[in-house]
Amino acid sequence: MKNFASALWVETLKMRRSKVPLFTAIGFSMAPLAGGLFMVILKNPEAARAMGLISTKAQLLVGVADWNAYFNFLAQAVAAGGMVLFSIITTWVFGREFSDRTVKELLALPTSREIIVAAKFIVLSVWSILISALIFAVGIAVGTLVVLPGWSGELLGVSFVNIMGIVLLTLPLMSFVALLASMGRGYLPPFGWIILILFLANLSVILGWGDWFPWAIPGLFGGVAGPRAELLGLHSYIIIFAASIIGFAATYYWWRNADQAR
Amino acid sequence: MTYAIETNNLSKFYGDVRALHNVNLRVKRGEIYGFLGLNGAGKTTAIRALLGMIRPSEGNVKVLNQVIGPHGSGPWAQVGHLVESPAAYPDLSLRENLEISRRLHGIKNPKVVDDVMDKLSIASYADRKAGTLSSGNFQRLGLARALLHKPEVLILDEPTNALDPAGIVEIRELLISLARENGTTIFMSSHILSEVDLLADRIGIIHKGELIEELDAARLEELRARQLVICTRDLEKANKALSDFEVISLDGRIAIKDSRAVEAPETIATILVNAGIPPTHLAIEQENLEEHFLRLTK
């Protein structure tokens, strides 16, 4: 346990000293700001007409300007953006050890490789959850500034659970990103993976098989294609759980057994 | 006898490429073992195998009498290492990089970081980001990390790389004092023969993945010894004239290792002149490690 606390301290220090948390937080903050802009446009039809394409896009995404529509927009942004953003964080946490060639300093230590990998997953998860919570908080502030109608405590609670549910379903899938960053020894393979997975997730939803495809499930949970209860079943949660276990097991196996010859 | 480092028929294959083949190393406790080889000879592969970073295709590795692996397990609390060029987190300070090592080694006393920085003369750079350090100080950081936990065994890959001449002497003296005063076992690879020659108690020469020779202390002493090499027009007569000395016949020359001859070659010249066979060549030579190594690896 003592070694585990040390490994957590180490991973947290690396995160604190990096600029990646700042950049990812700024990047993700664009979602509530963009949502706020759409709401402003929707509340003022004259300005919406004057803005042309942006106005049309805003109507397509959210429809009416109220808290419910705004939280739905945020959920969709977290579902799509979270997959990308959390992948960037995971890629950095694992991939940097290879691009900085520091992985060899983590292998022959009294702190086991398993503990180091676990600490990495925990730190990147906490980091991702905190950024998501920040986005939710920024969203509330932006919505309040825009003076949206339809606020209620119940809506706030439901929306928070919805967004955090998306986050918690997305995070375990990052094990595959960690595996690819490790196997590929750097940043490029996981970025290729993200593009592929986003394409396949969209395709699976279009074809109506999204509830069977792990990487489409967080988006469906967030309501990107309709009410969650109609789109997801127990099998969807089992699949995402099983896929995550495979991803974690493969990552641990790789760190324990792969030759570190570079 | 238990060894600090022991490999038994250690082999490593990458597909059809044979990186190591039946390497049997025996490094005694407290010994400085020089591991010599050309680039690509298998030095770093062997070092990675010693540290559990790669799995042997055949054979096994023992460090401090513990079999390394599977899954990279080993007596790592007692082993310090530097593999190839050192690496560090560039956005962390030198102190923070060492602090990471301290924590991962489970060392409670935070003072060890200051101590090792003083020992490696890098304390003045403690708060500099590692990414901004000169290559020499970066190398010192790597060595500091290897020494931080006062290991019983040090496994160092090219430890004096990137150091200036003063730094090389400083690190050499540090390693010698660790071995002689603390009994630390040092296994160091190098392609700088003079460096190994000055440091090592024993030398292993690896070539194309095979340990082709191990030189013990006596043989090393022999290689380090100087000799007086003599040429005359009549070698047989010269041999007789120098019967007071142990004369070694070389190819078309003779040599004497006796210190009376090496320290005072003019005495030998006088003897030969008086015998009517003046020397045509008289020189003090050293069959150095470099010549020996080159001959072996040709």
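Analysis parameters
Residues numbered from 1 in each chain as written. Chains lettered and ligands numbered in written order. Predicted model: local features only at pLDDT ≥ 70, side-chain atom pairs only at ≥ 80, totals over all residues. Heavy atoms only, no water. Helix = DSSP H or I, 4+ residues; strand = E, 2+ residues; numbered from the N terminus. Buried < 20%, exposed > 50% of the residue type's maximum accessible area, 1.4 Å probe, protein only. Contact = heavy atoms within 4.5 Å. Areas by Shrake-Rupley, 256 points an atom, 1.4 Å probe, with all protein chains shown as cover. Lys, Arg positive; Asp, Glu negative; His and termini not counted. Charge placed at Lys NZ, Arg CZ, Asp CG, Glu CD. Salt bridge = Lys/Arg side-chain N within 4 Å of Asp/Glu carboxyl O. Pairing = 2+ DSSP bridges. Axes fitted to C-alpha atoms, helices over the stretch in contact; angles between N-to-C directions. Domains from an automatic or database assignment. Buried area = accessible area lost by both parts, 1.4 Å probe. Polar contact = N/O pair within 3.5 Å; in protein donor to acceptor, adjacent residues only side chain to side chain. Nonpolar A, V, L, I, M, F, W, Y, C, P; charged D, E, K, R; others polar. Patch = residues over 30% accessible without salt bridge, like charges linked within 9 Å, V, L, I, M, F, W, Y side chains within 5 Å.

### What to know about the overall build of chain B
Per the secondary structure count, chain B includes 11 helices and 15 strands. Projected onto its principal axes, the C-alpha coordinates of chain B cover approximately 75 × 45 × 35 Å. The burial tally for chain B puts 52% of its 298 residues in the buried class. For chain B, restricting intrachain contacts to residue pairs at least 6 apart in sequence, the fraction spanning at least 24 positions comes to 67%. By element, 48% of the accessible surface of chain B is carried by carbon and sulfur atoms, the whole surface being about 13,200 Å². Where the 35 positive side-chain charges of chain B centre and where its 40 negative ones centre are 5 Å apart.

### Observations regarding the pattern of salt bridges
All names here are of chain A. Enumeration according to the criterion identifies 26 salt bridges over all chains in this entry. Glu11 is the partner of Lys120 in a salt bridge, and the nearest nitrogen-oxygen pair spans 3.2 Å. Of this pair, Lys120 sits in helix 6 (residues 113-146) while Glu11 sits in helix 1 (residues 2-17), and the two are 109 residues apart along the sequence. Of the two residues examined, Lys120 and Glu11, each falls in the buried class. The network of salt bridges with shared partners includes Glu11, Lys14, Glu97 and Lys120.

### Structural notes on the sheet that holds strand 8 (residues 153-157) of chain B
Residues and elements named next belong to chain B. Strand order in this open sheet of 6 strands is 7-8-9-4-10-11, and the pairing throughout is mixed. Two strands lie at the open edges of the sheet, namely strand 7 (79-82) and strand 11 (210-215), each paired on one side alone. For this sheet, the mean angle separating the axes of adjacent strands, direction not counted, is 15°. Both strand 7 and strand 8 contribute to a ladder of 4 bridges, which runs parallel. Residue His81 lies in a different strand from strand 8, and its bridge partner there is Ile155.

### Remarks on the sheet that holds strand 15 (residues 281-286) of chain B
Residue and element names in this part refer to chain B. The 4 strands are arranged 13-14-12-15 in an open sheet whose pairing can be described as antiparallel. With one partner strand each, in any of the chains shown, strand 13 (247-249) and strand 15 form the two edges of the open sheet. Each neighbouring strand pair of the sheet contributes to a mean axis angle of 30°, computed without reference to strand direction.

### Comments concerning the pairing of strand 10 (residues 202-207) of chain B
Walk down a regular strand and you will see the side chains alternate between the two sheet faces. All names here are of chain B. The element strand 10 is largely enclosed, with a buried count of 6 among its 6 residues. Of the two faces of strand 10, the one lined by Arg202, Gly204 and Ile206 and the one lined by Ile203, Ile205 and His207 are each fully buried. Judged from the 5 bridges that link them, strand 4 (residues 32-37) and strand 10 form a sheet pairing that is parallel. Following the sheet pairing, Tyr33 is matched in strand 10 by Arg202. Sheet topology note: the strand 10/strand 11 ladder contains 5 bridges and is antiparallel. Within strand 11, the residue paired with Gly204 across the bridge is Glu214. Between strand 10 and strand 11, which pair antiparallel and follow one another directly, the connecting turn spans 2 residues, one of which, Lys208, has a positive phi of 50°.

### Some words on the domain arrangement of chain B
Residues and elements named next belong to chain B. Taken domain by domain, chain B holds domain 1 (5-216) and domain 2 (225-297). Taken residue by residue, the interface counts 11 residues in domain 1 and 6 residues in domain 2. Summed over both partners, the interface of domain 1 with domain 2 comes to about 810 Å²; 82% of that surface belongs to carbon and sulfur atoms. When the buried area of domain 1 at its contact with domain 2 is split by residue, Leu38, Leu193 and Ile205 rank highest and sum to 46% of it. Seen at the junction of domain 1 and domain 2, the total is 0 salt bridges. In this structure, the connection of domain 1 to domain 2 is made through 0 residue pairs in polar contact (both at pLDDT 80 or more). Grouping the constituent residues of the side of domain 1 that touches domain 2 by class yields 7 nonpolar, 2 polar and 2 charged.

### A short note on a nonpolar patch on the surface
Taken together, the side chains of Phe199, Leu203, Ile206, Leu207, Trp209 and Trp212 of chain A make up a nonpolar region of the molecular surface, amounting to roughly 730 Å² of accessible area. A relative accessible area of 46% places Trp212 of chain A in the partly exposed class.

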